[in-house]
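One letter stands for each residue in the lines below.
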Amino acid sequence: MLGVILRDRSQYDAAERAFDAALVIANAKADADHSNLRALVHNNVAGLWYYRSDYRKALGHFQAARRI
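What comes next is a walk through the structure. (Residues numbered from 1 in each chain as written. Predicted model: local features only at pLDDT ≥ 70, side-chain atom pairs only at ≥ 80, totals over all residues. Heavy atoms only, no water.)

Observations regarding helix 2 (residues 12–27)
With 16 residues, helix 2 extends 22 Å between its outermost C-alpha atoms, agreeing within 8% with the 22 Å of an ideal straight helix rising 1.5 Å per residue. Looking only at helix 2, the buried set comprises Ala15, Phe19, Leu23 and Ala26. Projected down its long axis, helix 2 shows its buried positions confined to an angular sector of 75 degrees, all on one face. Facing away from the buried side of helix 2, by more than 90 degrees, are the exposed residues Asp13, Arg17, Val24 and Ile25. (Helix = DSSP H or I, 4+ residues; strand = E, 2+ residues; numbered from the N terminus. Expected span 1.5 Å × (residues − 1). Buried < 20%, exposed > 50% of the residue type's maximum accessible area, 1.4 Å probe, protein only. Arc of directions from axis to C-beta.)

Concerning the environment of glycine 60
Examined against the element boundaries, glycine 60 turns out to sit in helix 4 (residues 55–67). Along the sequence, glycine 60 and alanine 46 sit 14 residues apart, while their C-alpha atoms lie 7.5 Å from each other.

Below, the structure is given as structure tokens:
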């Protein structure tokens with residue numbers, strides 16, 4: 001959730017680093033709990049790219065969240 005707070009405060013670079021770290025943790029295991037976390041992080045990263053007006057990257061992360 002730190003990434004969401006940073007994103008909402010327009011601290012986009014720091015938010016991206018927080019989301020990257022969260023994905024590393026979520027990808028460490030492939031169980032259902034971590035799948036939910038991966039989907040949530042991808043959804044939040046999509047919001048970051050949407051805020052940055054990079055809709056192609058946003059769409060990619062929204063689709064990744066949906067696939068999970």
